[in-house]
Amino acid sequence: MVNQSAIPHINQTAVDICPVTPGSDQSGLVKVNFVEIAPPYAGTLFGVTNAVANLCGFMAPYAVGVLVKGNVLVLLTLVIFIFVWRKGRVSRRGICLVGLCESGKTLIFSQLIYKKAVESFTSMKENVGVLDIANKGALKLIDIPGHERVRQRFFDSYKNTARGIVFVLDSFSLNKDIRDVAEYLYTILSDPVVSSNRPQVLILCNKQDHPLAKGPQVIQSVLEKEMNVLRNTQTNQLEAVAEGGNRKSFYLGQEGKNFEFADIRSLRVEFAASSAQTDDLENLKKWLQSVA
Ligand SMILES: Nc1nc2c(ncn2[C@@H]2O[C@H](COP(=O)(O)OP(=O)(O)OP(=O)(O)O)[C@@H](O)[C@H]2O)c(=O)[nH]1
Ligand SMILES: [Mg+2]
């Protein structure tokens, strides 16, 4: 038998590291198998190496146990995360119609919900209706007023339920309104709730029946240029006020590159044309079908 006091640290370590391993007694203390260290080597470097090898043998099941437990824990966390994320996404059934005043949101709303054009005035409160999408269930359509004084309040109360956001713009008057359109769009896309919930976004170029209306492609490039200018201005302003040069704002798109919608990693932004006046809302309906 080896004199246990000759290698006290190994015994100590084994008990400390492996409270319960094969070969342990009921108290959980490890009976280190000193017999396996042949007497001539006990206390020698080789003996210690052997003991360490033995120790590793004892620790292996424990290490495997820790690894398995760790993996199970990671897997469980992942499953819970996916479940909560999916539940959140599934329970979000809202489609928010946003955009400047007079862009056509209420006419689009009435065409989709009442299947007819209803004469509308500047909205000061939201309209809510239910849209049945074939094989996909119901969506809640919310027409948010475009008036500057109220739009943020209404958007704030519905943004958390948004599965999709339709940003409606007037394709004829865009040149005149480009600054306002870009600012409102920027506010929506950089909203922290939006970037965290990641609803799908459609920029709907409405009033295509107007002979001087611009098409979605032209509108996309005009908007990207304007959003780029806006982003530079906002970034500079935020940098000026941030303490210690720490920029805390949400940066839209990719740094060191001109703004492009495709570069917004957290959001999928699409463009489509429509005319609520002539009830040409096919692109919107297709998008709704894909989102539902
Ligand atoms: N030519 C044309 N006119 C449209 C179209 N869509 C809406 N309009 C007209 O544009 C005007 C404004 O439409 P609304 O639907 O009330 O606009 P809105 O976006 O709800 O405006 P707010 O409620 O102020 O936010 C109305 O006179 C509509 O008839 C369209 O596709 N083509
Ligand atoms: Mg309206």
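These numbers were taken from a predicted model, which means no experiment stands behind them. (Residues numbered from 1 in each chain as written. Chains lettered and ligands numbered in written order. Predicted model: local features only at pLDDT ≥ 70, side-chain atom pairs only at ≥ 80, totals over all residues.)

Undergrad: Explain the overall build of the protein to me, and be specific about the residues and the numbers.
TA: When helices and strands are counted, the protein shows eight helices and six strands. Helices and strands appear in the protein in the N-to-C order α-α-β-α-β-β-α-β-α-α-β-α-β-α. Taken over 292 residues, the protein has a buried fraction of 27%. By sequence separation, contacts in the protein at least 24 residues apart represent 69% of the contacts at least 6 residues apart. (Helix = DSSP H or I, 4+ residues; strand = E, 2+ residues; numbered from the N terminus. Buried ≥ 20, exposed ≤ 12 C-beta atoms within 10 Å, placed from the backbone. Contact = placed C-beta atoms within 7 Å.)

Undergrad: Can you explain the environment of Arg 198? Please cite residues and give values.
TA: Following the sequence through the fold, Arg 198 ends up in the loop between helix 6 (192–197) and strand 5 (200–206). Separated by 35 residues in the primary sequence, Arg 198 and Arg 163 place their C-alpha atoms 8.0 Å from one another. Those residues in contact with Arg 198, other than ones at most four positions away along the chain, are Ser 266 and Leu 267.

Undergrad: Can you break down helix 3 (residues 105–113) residue by residue, with the values?
TA: A turn of α-helix holds 3.6 residues, and therefore any two residues three or four places apart point the same way. Counting buried positions along helix 3 yields seven of nine residues, so the element is predominantly enclosed. Of all the positions in helix 3, only Lys 105, Thr 106, Leu 107, Ile 108, Phe 109, Gln 111 and Leu 112 are classed as buried. Buried residues belonging to helix 3 abut strand 1 (94–98), strand 2 (127–133), strand 3 (137–143) and strand 4 (162–170). Following helix 3 by one or two positions, Lys 115 adopts a phi angle in the positive range, close to 60°.

Undergrad: Residue-level account of the confidence of the model for the protein, with values.
TA: Detailed reading of predicted coordinates is not advised where the pLDDT is low. In the predicted model, the protein carries a mean pLDDT of 80, and the fraction of residues at 70 or more is 68%. pLDDT under 50 marks residues 1–46. Its contacts with residues more than four places away, or in other chains, come to 54 contacts. (pLDDT = per-residue confidence, 0-100.)

Undergrad: So, the site of ligand 1: which residues are in play, and what are the values?
TA: The full set close to ligand 1 counts 21 residues, and Gly 104, Thr 106, Ser 123, Gly 146 and Gln 277 are the nearest of them. A total of three residues in the shell around ligand 1 trace back to one element, the largest contributor, which is helix 3. Its residues assigned to classes, the shell around ligand 1 comprises four nonpolar, 13 polar and four charged. (Near = placed C-beta within 6 Å. Nonpolar A, V, L, I, M, F, W, Y, C, P; charged D, E, K, R; others polar.)

Undergrad: Kindly report on the pairing of strand 5, identifying the contributing residues and their values.
TA: Within strand 5, six of the seven residues are buried, which leaves the element mostly enclosed by the surrounding structure. Inspection of the sheet shows strand 4 paired to strand 5 by seven bridges, in the parallel sense. The partner of Val 168 across the bridge, within strand 5, is Leu 204. As paired elements, strand 5 and strand 6 (residues 269–273) share five bridges and run parallel to each other. Residue pairing across strands places Leu 204 opposite Ala 272, the latter belonging to strand 6. (Pairing = 2+ DSSP bridges.)

Undergrad: Can you tell me about unusual backbone geometry, naming the residues and giving the values?
TA: Despite not being glycine, Asn 135 shows a phi value in the positive range, around 65°. With respect to the helices, strands and loops of the structure, Asn 135 is situated in the loop between strand 2 and strand 3. Given 6 C-beta atoms within a 10 Å radius, Asn 135 is considered exposed.

Undergrad: So what's going on with helix 8 (residues 282–291)? Residues and values would help.
TA: The complete set of buried residues in helix 8 reads Leu 284, Trp 287, Leu 288 and Val 291. With its buried residues spanning 100° around the axis, helix 8 presents them on a single face. For helix 8, the exposed residues set more than 90 degrees away from the buried face come down to Glu 282 and Lys 286. Of the surrounding secondary structure, the elements contacted by the buried residues of helix 8 are strand 1, strand 2, strand 3, strand 4, strand 5 and strand 6. (Arc of directions from axis to C-beta.)

Undergrad: Tell me about the sheet that holds strand 4, and name the residues and values.
TA: The pairing of strands in a sheet happens through backbone hydrogen bonds and is either parallel or antiparallel. Spatially, six strands are ordered 2-3-1-4-5-6 in an open sheet, and the strand pairing comes out mixed. Unpaired on one side and paired on the other, strand 2 and strand 6 mark the two borders of the sheet. Taken over all neighbouring pairs, the strand axes of this sheet differ in orientation by 25° on average, direction set aside. Relative to strand 3, strand 1 runs parallel, the two being bridged by four bridges. Residue pairing across strands places Leu 97 opposite Asp 143, the latter belonging to strand 3. Lying over the sheet, helix 8 contacts strand 1, strand 2, strand 3, strand 4, strand 5 and strand 6, oriented at roughly 150° with respect to strand 6. (Axes fitted to C-alpha atoms, helices over the stretch in contact; angles between N-to-C directions.)

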